[in-house]
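Tertiary structure, described
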Amino acid sequence: CTVILTRLATKDLHKPISILFCNLAVSDLFTSFSGFWISMLFITNPDITVFGSEDMLAPYALYTTSILSTIYNLVSIGVERYLAVAESMRTRFRVARSHFVAVVLINWVLAFFLGCLPLMGWNCLHAEGSISLLYSPFCVNYLVFVTIPNAAVAFVVPLFTYLRIILILRQRKLRMQACSQAAGTYRSAESQVARTSISIWLLALVSYAPFFAGVLLDAGARRCRGDLYPGVYVFRNCTAMLITVTCLGNPLLYTLRPRSLGAKLRALRCASAAR
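Residues numbered from 1 in each chain as written. Predicted model: local features only at pLDDT ≥ 70, side-chain atom pairs only at ≥ 80, totals over all residues. Heavy atoms only, no water.

By the naming in an unreviewed UniProt entry, the chain goes by LPAR1 protein and is assigned to Ptilonorhynchus violaceus. The annotation that UniProt attaches to the chain under Subcellular location (unreviewed entry) is "Cell membrane". In UniProt, the chain has this text filed under Sequence similarities (unreviewed entry): "Belongs to the G-protein coupled receptor 1 family." (UniProt positions renumbered as here; feature names shortened; annotations may be inferred.)

Structural data, given as structure tokens:
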């Protein structure tokens, strides 16, 4: 909410890429809301989060949708940063505000479609054979269908785009040095992009890799719940906490730098007092 309000109220942040940043904040907000919903269901009736129930379909579907939307937003931001740095591509294709709106709509449509498939009938409420042990009443084949391609998208595409950005900046720095020109700007930009890119990729890897590993474990472990309890369910809760850490880390990495956060909030408070 702080990210959304700050970007909407600060005029110098009204840029086309702010659409992606605000949409990323909305996805994180949905992740937090759905996680809170699941937690409340666990507090009121713990058995349904372990053995599965029809009441878990909606919160799990919203949780899956928000995670997919976050992944697609991270990929979109990485591609946009690559287009902004790659001068040869930018001269041929100028990213406009309408393109950002279209990307946001496509991301949400795809995320809702894949996330709501269990609500459309792809669930195991009446098929015990392929039911997931971690995320009942989801089916194991549905979780594998959703996680494996999106895991590849979440890890491979950002890694490729940010490595290309670093290589482009390094080539420009070497070109400037060959012409006996100062290359300090490109050197600082290269180090900053490298640090940010490594942080982004590591945050996504640490946050989502255990979730994907849990799905693969779920697909390979065909045992009864009594044999897996409680260690596997503790692992499931830890993966949910790591995804929440991603929701907290995204604003710091993408929109609100720690040094400028206080200044932005003070500016908002002063503007409110003046009005």
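The subject of this paragraph is the overall build of the chain. A tally of regular secondary structure across the chain gives 11 helices and 0 strands. Along the chain, helices and strands appear, N-terminal first, in the series α-α-α-α-α-α-α-α-α-α-α. In the chain, which comprises 275 residues, the proportion classed as buried is 44%. Accessible area for the chain stands at about 14,700 Å²; split by element, carbon and sulfur atoms hold 68% of it. (Helix = DSSP H or I, 4+ residues; strand = E, 2+ residues; numbered from the N terminus. Buried < 20%, exposed > 50% of the residue type's maximum accessible area, 1.4 Å probe, protein only. Areas by Shrake-Rupley, 256 points an atom, 1.4 Å probe, with all protein chains shown as cover.)

So, about the side chain of Thr31. In this structure, Thr31 sits in helix α2 (residues 18-44). Ignoring sequence-local partners within four residues, the contact set of Thr31 consists of Tyr63, Ser66, Ile67, Thr70, Ile243 and Cys247. (Contact = heavy atoms within 4.5 Å.)

Let's shift gears to the environment of Gly249. Checked against the element boundaries, Gly249 lands in helix α10 (residues 231-254). Assessed through its relative accessible area of 14%, Gly249 is described here as buried. C-alpha separation for the pair Gly249 and Ala204, spaced 45 residues apart in sequence, amounts to 9.8 Å.

Let us now look at helix α4 (residues 57-85). Across its 29 residues, α4 extends 42 Å between first and last C-alpha, which sits within 8% of the 42 Å expected from 1.5 Å per residue. Counting buried positions along α4 yields 25 of 29 residues, so the element is predominantly enclosed. (Expected span 1.5 Å × (residues − 1).)

With that settled, the discussion passes to the UniProt feature "transmembrane region" (unreviewed entry) in the chain. In the numbering used here, UniProt assigns the feature "transmembrane region" (unreviewed entry) to residues 17-40, 60-79, 100-122, 142-167, 200-221 and 233-256. End C-alpha to end C-alpha, residues 17-40 measures 35 Å, and it is 96% helix and 0% strand. As a span, residues 142-167 carries 100% helix and 0% strand, and end to end its C-alpha atoms are 38 Å apart.

Attention now goes to the packing of α2 against helix α6 (residues 97-115). If you want to describe how two helices pack, look at the angle between their axes and the distance between the axes. Running from amino to carboxyl end, α2 crosses α6 at an angle of 20 degrees, the nearest separation of the two axes being 10 Å. Taken together, α2 and α6 sit at an angle that is classed as roughly parallel. Note on packing geometry: the crossing formed by α2 with α6 is right-handed. Where α2 abuts α6, its residues Ile19, Leu20, Asn23, Val26, Ser27 and Phe30 lie against Arg97, Phe100, Val101, Val103, Val104 and Trp108. In terms of residue class, the contact of α2 with α6 is made up of 9 nonpolar, 2 polar and 1 charged. (Axes fitted to C-alpha atoms, helices over the stretch in contact; angles between N-to-C directions. Parallel < 35°, antiparallel > 145°, perpendicular 65-115°, else oblique. Left-handed = near helix turned anticlockwise from the far one by under 90°. Nonpolar A, V, L, I, M, F, W, Y, C, P; charged D, E, K, R; others polar.)

A cluster of nonpolar residues, Phe36, Met40, Phe42 and Ile43, forms a patch on the protein surface that exposes about 430 Å² of accessible area. Here Met40 shows up in helix α2. On the basis of relative accessibility, which here comes to 35%, the residue Met40 falls in the partly exposed class. (Patch = residues over 30% accessible without salt bridge, like charges linked within 9 Å, V, L, I, M, F, W, Y side chains within 5 Å. Salt bridge = Lys/Arg side-chain N within 4 Å of Asp/Glu carboxyl O.)

Our focus in this paragraph is the packing of aromatic side chains. A complete count under the given rule lists 12 aromatic pairs for this structure. Residues Tyr60 and Tyr135 carry aromatic rings whose centres are separated by 5.9 Å and whose planes lie at 80 degrees to one another, so their mutual orientation is edge-to-face. With Tyr60 in helix α4 and Tyr135 in the loop between α6 and α7 (140-178), this pair connects stretches of sequence that are 75 residues apart. Summarising the aromatic geometry, the rings of Tyr60 and Phe138 are spaced 5.6 Å apart at their centres and angled 55 degrees between planes, so their arrangement reads as tilted. Taken together, the residues span a long stretch of sequence, with Tyr60 in helix α4 and Phe138 in the loop between α6 and α7 at a distance of 78 residues. Taking relative accessible area as the criterion, Tyr60 reaches 5% and is therefore assigned buried. Every member of this aromatic cluster is reached through a ring pair, and the members are Tyr60, Trp122, Tyr135, Phe138, Tyr142, Phe145, Phe155, Tyr208, Phe211 and Phe212. (Phe/Tyr/Trp six-rings, centres within 6.5 Å; stacked < 30°, edge-to-face > 60°.)

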